[in-house]
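Architecture and fold: a report
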Amino acid sequence: MKLIMSEQRVQSMQFGRLTMGVCYYPEHWDRALWGEDLDRMLAAGISVVRIAEFSWTMHEPEEGHYVFGLFDDFLELCAEKGMQVIMGTPTATPPAWLTTRYPEVCNCSIDGTPYVHGARRHYNYNAEIYREKSAGIVEAMASHYGQHPAVIGWQIDNEINCETDEFYSEADSAAFRAWARERYGTLEALNEAWGTAVWSQTYTDWEEIRVPGHVLNDGHNPHMKLDYYRFVSDSAVRFTRLQADILRKYKKPGDFITTNGLFGNLDNHRLQDDCLDLYMYDSYPNFAYGLNREGYYRARKAAEAPYSTGDLEDRRWSMHLAETRSVCPHFGIMEQQSGPGSWTNRMAGPSPRPGQVRLWAMQSVAHGADYVSFFRWRTAPIGTEIYWYGILGHDNRDNRRLAEVMDFGKDLEKLDQAGLCGAAHVAAFGLIRDYDNQYDARVDDWHSRMAWKSEMEIWAASELSHRPLDFVDLRDETPLEALTAYPVLFYPHPMIMTEARAALLKAYVEQGGTLVLGARSGYKDAEGHCVMMPGPGLLAPVAGVTVGDFTMEDPSEEPVGQEMDGTGYSAPVFREILEVLEETADLRVLSRYTGEECWYAGKPALTEHVLGAGRCFYLGGAFSREMVNAILDRAGAKLPCFAGMQLPEMVEAVVREQDGRAYLFLLNYARHEVLCGAPEGRTFRDLLTGETLDGAFRMPAFGVRVVTEA
Ligand code: GAL
């Protein structure tokens, strides 16, 4: 493995070859099974196991008394057999002695009730004693296993901010107080930032500040909540950093430090930059089909929701993989779904159909994973997850899932030989995100209704029209080159805008970029205060228009739509009436509102502003997939390197490229065979089957092809 500096701001550690792993729990099994299990894994092409991430009590059965026997023996066996190991730090599961002796380490629900021992992730990041005890166990494990020849990397904790991403313990209130004091210095500044003049909320003593718990109608101060989410993220990063610093003292130079994400209220980019060498994701696309307690399919429920991508089902996990890639261009999958997944009390799901386990693993590789580790080798016979099936079932016999994993392993070998490892994803356009606006959308229902709808529709348009996207992280210090790497950037609803970001976006457009903004852009400042400027606030110079009037969608006057070039489009969620005094060559109205009862019919809904060498589209609403496609067509966005391929909607197209060689992943999510077509005059080779493809070619249900120019 080598450490590289990517073109983006993040560091990323590349695997030297495409690698297959599995999650294993030696503490769940009779030792007599270990050797046979490792032999079967190796025979299946699995060369790495992730272990020990929930092992705190095994390693520290009594406070300060560290024991290593069980894992020593297992690691010795791994070294003997040539199996490599990723060690977990076990801080997601504090021992019973710890939570009993130091109850302040427990997190609480919003009403202040502590979570008790019995599940996991019930701790908080801020209790000093938890930080101390965590440092103790990490130090003990790192100093003991750091130089072990079988160990190749470390996973910190498990799924930081999973299960819950909100913290309401006394320790959190104390830490929030300190955090706010550090940020604002004086109570005067804090009161100003939190807008406490409203409803007599003024703080007169630091001790009065608490994490935002239960209030009537859930209507807690939005500016304080925005800061609370920033605080939760900082707490998680600080806790991870504490562990990373210890691991770095003891690990071998080439070994990596990682964790498995992506969860809410967490600046994952900062987590990566401050703490990690490599980011990993846990991919469970079968969640799309799980039944919850009310008997709803998650996907069906989503399809019934007003703003849905239910139609993309398991394919929606490609969006999460793209989010992961934005954090770390060369990422790994620490947990890849290998069977039906359920807890005893949560969800119940169908088994992956034949072909789906391989399809989902390839989905991860297509999006940039060079390491894929399945969850888990064998299904647990005990505990909450007895129905979270791994590769093998409780009966321990070879099965179709193992056969599929082995097929996938052979695919990986072929792709490795073809030089795929380390290849970069190539996008047709970018979708900007920033954490301030993500947190604000959690606080602000108006914001979230637009943000959720638009992101999903931009994603769906990208997927179904085969124009893959990258997520692009934006913050004040982002270099312009991070933006100019993309000819087209959507930034759907940046309600919070800063001077620095507005200047960056303007520079991006002036040098030739195409920026696409949606309603309510530039409406707030960094504290979430509404600005006293015409919309889109600081972005008005780049958008070239201002917002005159607006309304949230009004079901009583439906249907309201908009029309562009004689074609009708929907006008979902929010409608801003744009002010254009005079159309010029540099400022054009592209679409106008329509609707019999609509009081703003005929008014501008979408404009195009030419600025320097580039342009800015401003849509006074949320995006529909049809509108996204119309804008992408206008901007000339195409499938990179393989334009002209004829692909049905149900086939996902993803491109990776390295050393001038482009690889096209075609993933068929349909339950039936589909027909594709190569552009005339070009011949391709399928790296998995060796077939030559020209003209029409078929893909079976759940089939995968990886294609290069012949
Ligand atoms: C993940 C978690 C694993 C396991 C898996 C299946 O979120 O990291 O430990 O619980 O889900 O539920």
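Source: prediction; values computed, not measured. (Residues numbered from 1 in each chain as written. Predicted model: local features only at pLDDT ≥ 70, side-chain atom pairs only at ≥ 80, totals over all residues. Heavy atoms only, no water.)

1. Some remarks on the domain arrangement of the protein
- Domain boundaries in the protein define domain 1 (19-166 + 217-422), domain 2 (429-638) and domain 3 (641-709).
- Of note, the centres of domain 1 and domain 2, computed from C-alpha atoms alone, are 36 Å apart.
- Facing 28 residues of domain 1, the contacting portion of domain 2 comprises 30 residues.
- Carbon and sulfur atoms supply 54% of the area buried between domain 1 and domain 2, which totals about 2600 Å² over both sides.
- Between the two partners, domain 1 and domain 2, sit seven salt bridges.
- One can count 16 residue pairs in polar contact (both at pLDDT 80 or more) joining domain 1 with domain 2.
- Those elements that provide at least two residues to the side of domain 1 that touches domain 2 are α8 (222-250), α9 (268-275) and α11 (317-327). (Domains from an automatic or database assignment. Contact = heavy atoms within 4.5 Å. Buried area = accessible area lost by both parts, 1.4 Å probe. Salt bridge = Lys/Arg side-chain N within 4 Å of Asp/Glu carboxyl O. Polar contact = N/O pair within 3.5 Å; in protein donor to acceptor, adjacent residues only side chain to side chain. Helix = DSSP H or I, 4+ residues; strand = E, 2+ residues; numbered from the N terminus.)

2. A look at the site of the ligand
- In the region of the ligand, the neighbouring residues are F54, R120, N158, E159, D282, Y284, E335, W343, F375, E385 and W388.
- Interatomic distance of 2.9 Å between a side-chain N/O atom of N158 and an oxygen atom of the ligand.
- Within the side chain of E159, an N or O atom sits 2.4 Å from an oxygen atom of the ligand.
- Bound to the protein, the ligand loses 93% of the 300 Å² it would expose on its own.
- When its residues are assigned to classes, the shell around the ligand shows five nonpolar, one polar and five charged. (Near = heavy atom within 4 Å. Areas by Shrake-Rupley, 256 points an atom, 1.4 Å probe, with all protein chains shown as cover. Nonpolar A, V, L, I, M, F, W, Y, C, P; charged D, E, K, R; others polar.)

3. Structural notes on the side chain of E652
- Assignment of secondary structure puts E652 in strand β23 (residues 651-658).
- No salt bridge is formed by the buried E652; its nearest oppositely charged neighbour, R315, is found at 4.7 Å.
- Looking at E652, its side chain comes within polar contact range of the side chain of H367, at 2.9 Å.
- At a separation of 2.6 Å, a polar atom in the side chain of E652 contacts the side chain of Y669.
- Those residues in contact with E652 that lie beyond four places of it in its chain are R315, S318, Q363, H367, E463, F665, L666, L667 and Y669. (Buried < 20%, exposed > 50% of the residue type's maximum accessible area, 1.4 Å probe, protein only. Lys, Arg positive; Asp, Glu negative; His and termini not counted.)

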